[in-house]
Structure formats: structure tokens, C-alpha cells
Amino acid sequence: MSGYPIMMHLQDKPVAVVGGGRVAARKVRRLLKAGARVILISPEIAPAMHGLLNEGDVLWLQSKYQRDMFNDYMPILVIAATDDERVNQTVAQDAHRIRALCNVANGSSANSDFSNMALIDQPPLTIALSTGGKSPALLRALKAKLADDIGEEYAVLADWLGAIRGLTREANGSQPTRQALYEDILDSDVLALLREGKPSEARRIFQQIVKTGTPR
């Protein structure tokens, strides 16, 4: 079945990760970047994980997973990332019992409520890719191609556009007018100049379009 793609806002939200290996470390790193409060459950953790304990809000429960451990913390999201299929299944069952969404990393999709997508991260841009599990090889190829095509210049322009969003609403009330302005910016030399390492010239043209609606 096809999924429903979303971007979850996890700032200050409790999320449980069960497991202490490299896969769990990747999940914890991404969750901390999203501002989540992480409950990490594992008797031992990989060396890469130790550095993460001080990078955000992480509560490490240094224990094997026990039945109903989530009841005291009530995470809204649970990730099972152990190398024991039976433990992962128990984690998924307990997550569903408290109505939390669960993902079993590298496991059967039958126990997972969602799957993770391949990401191209150029803050504030995040591009997520999925083939619905049909072809990891194709997914890797698509990610590599898009990562080459979408450089830092897009992130810079996204910041600039975000900064003027409220101003353009006040100055140009109609949506078609605002849309035309954004299209003028995208059709101009702004992106090309940013790509060439000429931010001052790109910024000048950008501001001129915002001010007058023309690129020159």
C-alpha cells in the first residue's frame, strides 16, 4: 500500500528508541535534530551513541527492554532498533497498546506504522524520497542524483524567500500577484549567481525583484 507522507513536528515531544547500535544511533541523531525528547532503552550503547547523550534531551534507561516500559513515559513515537526480532515485536505491541506510532528498523513492515524515507538535507530544505520498498537501489540512485543537482544555493534562496514571505503578503495581497513575484525570482539569475559563488550580486537582483517586480 502507498503511504501518507508527513513532516512530524517533534519539538519537546517524547520519543522512545529501543536499541543501542549504529542504527539506533542514526535514529537518535535525527530525532535530536528535530528537538525530540528521547527515551533510549538499551543495556549497552555503541561508542557513537555516547556523544549524543549530551547533545540534547536524552534519558538513557540502561536496561534490557521489559514489558510495558513505555507506560511511565508515554512516547508518541517508538522506534524498535534491536537485533532481536522477538524484542522488536514486543516493543511494537507495547507501542500500539499506548497508541504510539511504531517503526521496526530493518524488520517486517507488518509491525511498523510508518517507514523512514531517504533524505536530502539542506536546511531549511528537506527532500524525502521513497519507492515504497520496491527498489532500494533505485532509491539510492535517485538520492545521489538529486543531491548533486540540489546544492547549497537552494537553501540560501529558501531562507531569503522565507524572510520576505510576510512582507509580500502585506504588500501584494492577492495570491496570483505573490506567485508571479516568486516565479520572477526563480526565473532570474539569482540561483545561478549563488551557484557561482556570487551572493552579493544574487542578493542585489533578488532585492530588486522584490522591490520593483523586475529582475533588472
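The following paragraphs examine the structure supplied in this document. (Residues numbered from 1 in each chain as written. Predicted model: local features only at pLDDT ≥ 70, side-chain atom pairs only at ≥ 80, totals over all residues. Heavy atoms only, no water.)

**Observations regarding the environment of L125**
No. 1: Within the secondary structure, L125 is located in strand β7 (residues 125-129).
No. 2: A relative accessible area of 26% means that L125 is categorised as partly exposed.
No. 3: Along the sequence, L125 and A155 sit 30 residues apart, while their C-alpha atoms lie 6.0 Å from each other.
No. 4: Each residue touching L125, except ones within four places of it in the same chain, is listed here: I120, Y154, A155 and A158. (Helix = DSSP H or I, 4+ residues; strand = E, 2+ residues; numbered from the N terminus. Buried < 20%, exposed > 50% of the residue type's maximum accessible area, 1.4 Å probe, protein only. Contact = heavy atoms within 4.5 Å.)

**Considerations on the pairing of strand β5 (residues 101-104)**
No. 1: Two strands pair when backbone bridges link them, and strand β4 (residues 77-80) and β5 are joined in this way by four bridges, in the parallel orientation. Within the sheet, the bridge partner assigned to V78 lies in β5 and is C102.
No. 2: Note that the unit made of β4, helix α3 (residues 85-97) and β5 has a crossover that is right-handed. (Pairing = 2+ DSSP bridges. Right-handed = clockwise from strand over helix to strand, strands pointing away.)

**Focus: the pairing of β4**
No. 1: Alternating residues of β4 divide into L77 and I79 and V78 and A80, and every residue in both groups is buried.
No. 2: Bridging between strand β1 (residues 14-18) and β4 involves four bridges; their strand directions are parallel. Bridged to V15 within β4 is L77.

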